[in-house]
Amino acid sequence: AVLSGVVLDLKSVRTRSTWVSTHSTMFRISNVLRAARAGSAGREVLVLKGDGVGTEIVSAAQRVVDAAVPASPIEWVELDGYGYDDGKPGVTQEHMDQFDRIGVLLKGPITIAAGKKGTNFEINGATYTSANQAMRRIFDLYANIRPAQKFKLPWATRFDEVNVDMVIVRENTEDLYCGKPEVWVDDDTCEATKRITRGASKRIAEVALRIAEERAASRGSALLTAVHKANVCKQTDGLFLEEVRKVTDGRSTNVKYDEALVDSLCAGMVMHPETYDVLVAPNCWGDIVSDLAGGIVGSLGLLGSANHGPSHALFEASHGSAPDIAGQGVVNPTSMILSGAMLLRHIGDHAAATAVEQAVRDTLADGTATTDLGGKSTTDQFADAVIVKLQAQLR
């Protein structure tokens with residue numbers, strides 16, 4: 001693997017980004033090295049397994065990560081009670097305090113009820129719509145990074161012969177997910193708040209531009225696309241575009257910049273996904289586009305996901321809790337394992353992270369996969385196969 005470090009500036013916190021070479025394609029997994037803070041331990045990682053399939057996929061990812069760093073094991077700090085099943089409160093003060101202290105979190109999905117039932121709760125005097133939103137807002141985890149790449153799978157996809165390799169950079173703290181309560185105007189009308197700010201738009205654009213510039217340095221060129229709906233949301237998405245344009249005005253000459261309406265972009269991704277590179281988007285559009293990218297490469301379960309802030313980082317699966325298959329041993333752990341690789345790179349284990357990613361790729365190429373990807377393996381069998389490939393690389 002070819003590794004090279006750069007420094008990103010997120011609110012004066014020194015960060016590092018790493019390029020990883022897998023097969024013939026050079027791709028970048030963005031990660032933020034945690035700032036040194038008093039009282040934090042370099043190899044500690046908080047673990048909140050969540051509910052639904054969370055315990056199964058997080059445990060599988062932990063086993064793979066442990067196999068990748070046998071000489072310097074991770075100190076997993078596991079806490080119970082995260083999630084909503086079995087009467088759990090979602091997130092507790094202890095969870096937040098430990099994340100504040102440790103700074104790195106491997107987190108399973110939780111089941112968040114849809115509709116009026118809701119799961120709003122208060123913590124530190126503020127109201128949040130979910131435990132996920134509370135963590136993003138309190139720890140300012142503003143940059144969600146999701147790489148989407150093609151894998152060789154046991155079943156055919158529409159894009160087997162197409163080089164799909166994109167990174168979705170999603171602003172993670174505002175937009176329609178800003179946390180402001182929805183308001184009932186009358187019995188038949190409810191309104192939501194879409195909040196876009198200059199500061200949040202500027203800093204997510206800076207992260208996306210740096211990713212694009214690094215990809216261009218490796219490949220000779222890169223394309224950065226701003227995703228929006230400013231033809232309708234003229235003020236909010238217009239503000240987002242204004243700040244992205246300011247940031248990209250100073251871009252390298254080998255980085256091309258364009259803009260795309262989110263609806264036409266989705267159609268374009270389905271028809272020609274190979275034409276997209278780095279996408280930067282407000283929260284809601286980024287949520288939709290990143291899930292679409294998962295479908296294009298074969299499954300939402302093939303995307304790792306990292307949430308970065310100035311001093312904390314959270315790594316999680318890109319999919320939900322899937323309570324309908326929980327406990328059956330059939331859930332696909334690939335997304336969580338790839339997020340574990342992103343975590344390894346975040347704490348400085350670059351070679352181990354690359355080895356995990358390659359082991360996943362080789363395992364899938366051999367036809368070993370869970371049933372959702374056309375294979376016959378259980379969750380544990382797939383993780384075991386990845387570990388075998390991983391150990392063969394490390395010998």
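First, a word on scope: everything that follows refers to the structure included in this document. (Residues numbered from 1 in each chain as written. Predicted model: local features only at pLDDT ≥ 70, side-chain atom pairs only at ≥ 80, totals over all residues. Heavy atoms only, no water.)

**Some details on helix α7 (residues 283-297)**
Each α-helix winds once per 3.6 residues, and so residues spaced three or four apart point in a common direction. What counts, and what does not: Numbering of helices and strands starts at the N terminus; helices are DSSP runs of H or I of at least 4 residues and strands are runs of E of at least 2. Expected helix span is taken as 1.5 Å per residue step, with the number of steps being one fewer than the number of residues. Relative accessibility under 20% of the residue-type maximum defines a buried residue, over 50% an exposed one, and the middle range a partly exposed one, all with a 1.4 Å probe and only protein chains included. The contact criterion used is simple: two residues touch if any of their non-hydrogen atoms lie within 4.5 Å.
Given a rise of 1.5 Å per residue, 15 residues ought to cover 21 Å, and the 21 Å separating the end C-alpha atoms of α7 matches this to within 8%. Among the residues of α7, Asn283, Cys284, Trp285, Gly286, Val289, Ser290, Ala293, Gly294, Ile296 and Val297 are the ones counted as buried. Packed against the buried residues of α7 are β9 (143-149), β10 (165-171), β13 (222-228), α5 (236-248), α6 (262-271) and β15 (278-281). Positive phi shows up at Gly298, right after α7, with a value of about 125°.

**A closer look at the nonpolar core**
This is how the line gets drawn: By nonpolar core is meant a set of buried Ala, Val, Leu, Ile, Met, Phe, Trp, Tyr and Cys residues that side-chain atoms within 4.5 Å join together.
Counting residues in hydrophobic clusters, the biggest one holds 68 residues, and the most contacted among them are Met166, Met269, Leu279, Val289 and Leu364. For this core, the element with the highest residue contribution is helix α1 (residues 54-68), accounting for 8 residues. With residues near it in sequence (within four places) discarded, Leu364 still touches Phe151, Lys152, Leu153, Pro154, Leu302, Ala369, Leu373 and Phe382. Judged by nonpolar contacts, the second largest core, of 27 residues, contains Val169, Leu239, Phe240 and Val244.

**With respect to the packing of helix α8 (residues 334-346) against helix α9 (residues 350-365)**
Convention followed: Here the axes come from fitting lines to C-alpha atoms, over the contacting stretch only for helices, and the angles between their N-to-C directions go from 0 to 180 degrees. For classification purposes, angles smaller than 35 degrees are called roughly parallel, those larger than 145 roughly antiparallel, those between 65 and 115 roughly perpendicular, and all remaining angles oblique. Note on convention: near helix rotated counterclockwise from far helix by under a right angle means a left-handed crossing. Clockwise means right-handed. Nonpolar residues are Ala, Val, Leu, Ile, Met, Phe, Trp, Tyr, Cys and Pro. Charged residues are Asp, Glu, Lys and Arg, and all others, Gly as well, are polar.
Where α8 contacts α9, the axes come no closer than 7 Å and their chain directions differ by 160°. One finds that α8 runs roughly antiparallel with respect to α9. The chirality of how α8 crosses α9 is left-handed. From α8, Thr334, Ile337, Leu338, Ala341, Leu344 and Arg345 reach across to α9, where they touch His350, Ala352, Ala353, Thr354, Val356, Glu357 and Val360. Of the residues that constitute the contact of α8 with α9, the class distribution is 8 nonpolar, 3 polar and 2 charged.

**A closer look at empty space enclosed by the protein**
Stated precisely, the cut-off is as follows: The way it works is a 1 Å grid over only the protein atoms, where trapped points that fit a 1.4 Å probe form a cavity and open points with protein on both sides within 12 Å along at least five of seven lines form a pocket, and then any residue with an atom within 4 Å of a point lines it. Grid points are joined across faces, edges and corners, and a volume is the space filled by probe spheres set on the points.
Scanning the entire structure with this criterion turns up 2 cavities of 30 Å³ or more. Around the second largest cavity, the lining residues are Lys107, Asn132, Met135, Arg136, Leu141, Asn307, Leu314 and Glu316. At the level of secondary structure, the elements contributing two or more residues to the lining of the second largest cavity comprise α3 (131-138) and β17 (313-317). Ranked by residue count, the leading element in the lining of the second largest cavity is α3, at 3 residues. Class assignment for the residues of the lining of the second largest cavity results in 3 nonpolar, 2 polar and 3 charged.

**Quick look at helix α4 (residues 198-219)**
Over its 22 residues, α4 extends 31 Å from the first C-alpha to the last, a length consistent with the 32 Å expected when each residue adds 1.5 Å. Positive phi appears at Gly220, one or two residues downstream of α4, with a value of about 100°.

**Overview of the sheet that holds β9**
In any sheet, the strands associate via hydrogen bonds between backbone groups, in a parallel or an antiparallel arrangement. Basically, it comes down to this: Pairing between two strands requires that DSSP report at least two bridges joining them.
Across the sheet, 10 strands lie side by side as β5-β4-β6-β17-β16-β9-β10-β15-β13-β14; this open sheet has mixed pairing. Each edge of the open sheet is held by one strand with a lone partner, namely β5 (75-78) and β14 (255-261). For this sheet, the mean inter-axis angle between neighbouring strands, taken without regard to orientation, is 25°. Relative to β10, β9 is paired through 7 bridges, and the arrangement is antiparallel.

**Topic: the packing of aromatic side chains**
Worth spelling out the cut-off: Note on ring pairs: Phe, Tyr and Trp rings are taken, using the six-membered ring of Trp, and paired if centres are within 6.5 Å. Classes follow the plane angle, with under 30 degrees stacked, over 60 edge-to-face and the rest tilted. A positively charged side chain is recorded as over a ring if its NZ (Lys) or CZ (Arg) lies within 6 Å of the ring centre. The angle to the ring normal must also be within 35 degrees.
On inspection of all chains with the given rule, the structure shows 1 aromatic pair. The ring of Tyr142 has Arg203 lying over it, and the distance from NZ or CZ to the ring centre is 3.8 Å. Cation over ring: Arg361 sits above Phe151, and NZ or CZ is 4.6 Å from the ring centre.

**Some thoughts on the pairing of strand β4 (residues 44-48)**
The cut-off we apply is this: For a crossover, the right-handed case is the one in which the path from the first strand over the helix to the second runs clockwise, viewed with the strands pointing away from the viewer.
Of all 5 residues in β4, 5 are buried, a share of seventy percent or more. The two faces of β4 match: Glu44, Leu46 and Leu48 on one face and Val45 and Val47 on the other face are all buried. Note that β4 and β5 share 4 bridges and pair parallel. Looking at the pairing, Val47 lines up with Glu78 of β5. For the segment spanning β4, α1 and β5, crossover handedness is right-handed. Sheet analysis places β4 next to strand β6 (residues 104-107), joined by 3 bridges and oriented parallel. When the bridges of β6 are listed, Leu48 appears paired with Lys107.

In short, shape yes, function no, at least from these values alone.
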